[in-house]
Amino acid sequence: MSNCFLFDNDGTLVDSEYLCNVGLVLMFRRHGIELDADELVIRFRGWKLASLLSILEKEHEIKLPENFVTDYRKIVSELFDNELKPVEGVIDALESLNGPKAVVSSGPMHKIRQALDLCGLSKYFGDNLFSSYEVGIWKPDPGIYLHAAREMGHSPERCIVVDDGPVGVKAGYEAGMKTYFFNRFDEECDSAGVVSFQRMAELPGLVGT
């Protein structure tokens, strides 16, 4: 039986983390607050949006308006339309990996579909898309990856997680799945057994398929 590959989306399949945080910079600028997109990427990769906004509200002593998230999503959608690209080397990696594949993301489903469509990646996953917003489970809770495994009909031991965020790596590891950390920023990883790599072209060789 082949392995089942469970991919994070933002920052793993599509180069979207920076664009998402540019959206935050633009939104907070409306309130007179300057943020740094690069710092936000490193700090909040894979986080639930509501959680990171709550932290930023406290740090900057601001109460964001009710329409903040709606306006933010519009800005990010426009940035995606104009600038989104697949992660370098990911198409060749997907072509080389034998086995069913799914996307497991903390983002809303419409954002997942838009990103995959824009980057020409939809054909690799079909309807095997799992969003925290639909399941009600956010990384680092391993439940999101366990749910995807059940839906894909594979045991955790037969699943391989590929994620670029520390919270996603923690979720995969604690789900009992072989976990590969797309470690673009060369960060420390304390979870024994997690495989760290920096270029997506390395993945097929590491997995051995």
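Note that this is a predicted model, so its numbers are computed, not measured. (Residues numbered from 1 in each chain as written. Predicted model: local features only at pLDDT ≥ 70, side-chain atom pairs only at ≥ 80, totals over all residues. Heavy atoms only, no water.)

Draft legend 1. Layout of the nonpolar core. Phe 7, Leu 13, Phe 28, Leu 121, Phe 125 and Leu 203 are the most contacted members of the largest nonpolar core, which totals 51 residues. At seven residues, helix α1 (residues 17-29) tops the list of elements feeding residues into this core. Discounting residues that sit within four places of it in the chain, Phe 28 has contacts with Ile 33, Leu 35, Leu 53, Leu 56, Leu 64 and Phe 68. (Core = buried A, V, L, I, M, F, W, Y, C linked by side-chain atoms within 4.5 Å. Buried < 20%, exposed > 50% of the residue type's maximum accessible area, 1.4 Å probe, protein only. Helix = DSSP H or I, 4+ residues; strand = E, 2+ residues; numbered from the N terminus. Contact = heavy atoms within 4.5 Å.)

Draft legend 2. Here's a closer look at the packing of α1 against helix α2 (residues 37-44). Packing of α1 against α2 brings their axes to within 8 Å, and their N-to-C directions diverge by 120 degrees. Considered as vectors, α1 and α2 are oriented oblique to each other. For the pair α1 and α2, the sense of crossing is right-handed. Contact residues: α1 offers Glu 17, Tyr 18, Asn 21, Val 22, Leu 24 and Val 25, while α2 offers Ala 37, Asp 38, Leu 40 and Val 41. Partitioned by chemical class, the residues of the contact of α1 with α2 number seven nonpolar, one polar and two charged. (Axes fitted to C-alpha atoms, helices over the stretch in contact; angles between N-to-C directions. Parallel < 35°, antiparallel > 145°, perpendicular 65-115°, else oblique. Left-handed = near helix turned anticlockwise from the far one by under 90°. Nonpolar A, V, L, I, M, F, W, Y, C, P; charged D, E, K, R; others polar.)

Draft legend 3. Structural view of helix α4 (residues 68-83). Taking 1.5 Å as the rise per residue, α4 with 16 residues should run 22 Å; its terminal C-alpha atoms sit 22 Å apart, in good agreement. Where α4 is concerned, the buried positions are Phe 68, Asp 71, Tyr 72, Ile 75, Val 76, Leu 79 and Phe 80. Summarising the contacts, the buried residues of α4 are in contact with α1, α3 (49-60) and α6 (109-118). (Expected span 1.5 Å × (residues − 1).)

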